[in-house]
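Summary of the model geometry
Each chain, written out:
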Amino acid sequence: MAVRDPEATKARIFEAAVAEFARHGIAGARIDRIASEARANKQLIYAYYGNKAELFAYVLEKKMLDLAVSVPIDPDDIEGWIDRLMDYHAAHPELLRLLFWEGLEYGTAELPDEAERQDHYIRKVALVRDGQDRGVITDAIPAPDLLFLLTALANWAVVVPQIKRIVVGADDTDRDRLRTSIKEAARRLTAR
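Presented here is a report on the structure given in the accompanying data block.

Okay, the nonpolar core next. Ranked by internal contacts, the top residues of the largest apolar core, which has 45 residues, are F21, I34, L55, V59, W81 and I82. For this core, the leading source of residues is helix α1 (residues 6–28), giving eight residues. Leave out the neighbours within four places in its chain, and V59 touches F14, A17, V18, F21 and L98.

And the structure:
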């Protein structure tokens, strides 16, 4: 008889859920497909994570925590931060897909874990504001708006790769040129 490993099962469910939600969103995702991919039964998914919406919220929370730990904002090196952010999303495009699905499905309605998410962004805005207070970056744009704009610059090409390909091009030189342009735009947005 095989030995059960609940942590390994949870990890397989998590990875299968990330892939399923990134491909299909909340409404289109199917617990049956997650269970099949994870080699787990549906009841375990519900026992470990709750319903489909709760599983999605958990997946997104963990993926965002990984981003926050992996790529902390650095107002002293905005261009370096933009590079690291773009590299992270190139390696983990599922996070932006999850956020895009969340936006499509929730719109302006309150998110299940909105208070925690606001706390996360309050800390990021505080880092931008600190950079402004120290004179490292401009204070001409309010800190929350500046963070939003910089994040949009770095993320949009991954969110709409088809538009990037059509407008910018698909070659490596096009990708490199766009990265240079995004960093220049970020530098200009933050310049004192």
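This part takes up the layout of surface pockets. Approximately 970 Å³ is the volume found for the largest pocket. Lining the largest pocket are 30 residues, with L99, R117, Y121, F148 and T151 sitting closest to its centre. Breaking the lining of the largest pocket down by element, the ones donating at least two residues are α4 (52–70), α5 (78–91), α6 (93–106), α7 (114–133) and α8 (143–159). If one sorts the elements of the lining of the largest pocket by residue count, α8 sits on top with eight residues. Its residues assigned to classes, the lining of the largest pocket comprises 19 nonpolar, seven polar and four charged.

Right, let's talk about a nonpolar patch on the surface for a bit. There is a patch of nonpolar side chains on the surface, built from F100, L104 and W156 and spanning about 350 Å² of accessible area. When you line up the elements, W156 lands in helix α8.

The next thing to look at is the packing of α8 against helix α10 (residues 172–190). When two helices pack together, their arrangement is captured by the angle between the axes and the distance separating the axes. At a closest axis distance of 10 Å, the pairing of α8 and α10 adopts a crossing angle of 175 degrees. Accordingly, the angle class assigned to the pair α8 and α10 is roughly antiparallel. Here α8 contributes L146, L149, L150, L153, A154 and A157 to the contact with α10, which in turn contributes L178, I182, A185, A186, L189 and T190. Of the residues contributing to the contact of α8 with α10, the split by class is 11 nonpolar, one polar and no charged.

With that settled, the discussion passes to α1. Because each turn of an α-helix spans 3.6 residues, side chains separated by three or four positions in sequence point in the same direction. In this model, α1 (23 residues) spans only 27 Å end to end at C-alpha, well below the 33 Å of a helix rising 1.5 Å per residue. Within the sequence span of α1, burial applies to T9, I13, F14, A16, A17, V18, E20, F21, A22, G25 and I26. If you follow the buried residues of α1, they end up packed against α2 (31–38), α3 (42–49), α4 and α6.

Rules used throughout
- Residues numbered from 1 in each chain as written.
- Predicted model: local features only at pLDDT ≥ 70, side-chain atom pairs only at ≥ 80, totals over all residues.
- Heavy atoms only, no water.
- Core = buried A, V, L, I, M, F, W, Y, C linked by side-chain atoms within 4.5 Å.
- Buried < 20%, exposed > 50% of the residue type's maximum accessible area, 1.4 Å probe, protein only.
- Helix = DSSP H or I, 4+ residues; strand = E, 2+ residues; numbered from the N terminus.
- Contact = heavy atoms within 4.5 Å.
- 1 Å grid on protein atoms, 1.4 Å probe; cavity = no way out; pocket = protein on both sides within 12 Å on 5 of 7 lines; lining within 4 Å.
- Points joined across faces, edges and corners; volume = space filled by probe spheres on them.
- Nonpolar A, V, L, I, M, F, W, Y, C, P; charged D, E, K, R; others polar.
- Patch = residues over 30% accessible without salt bridge, like charges linked within 9 Å, V, L, I, M, F, W, Y side chains within 5 Å.
- Areas by Shrake-Rupley, 256 points an atom, 1.4 Å probe, with all protein chains shown as cover.
- Salt bridge = Lys/Arg side-chain N within 4 Å of Asp/Glu carboxyl O.
- Axes fitted to C-alpha atoms, helices over the stretch in contact; angles between N-to-C directions.
- Parallel < 35°, antiparallel > 145°, perpendicular 65-115°, else oblique.
- Expected span 1.5 Å × (residues − 1).

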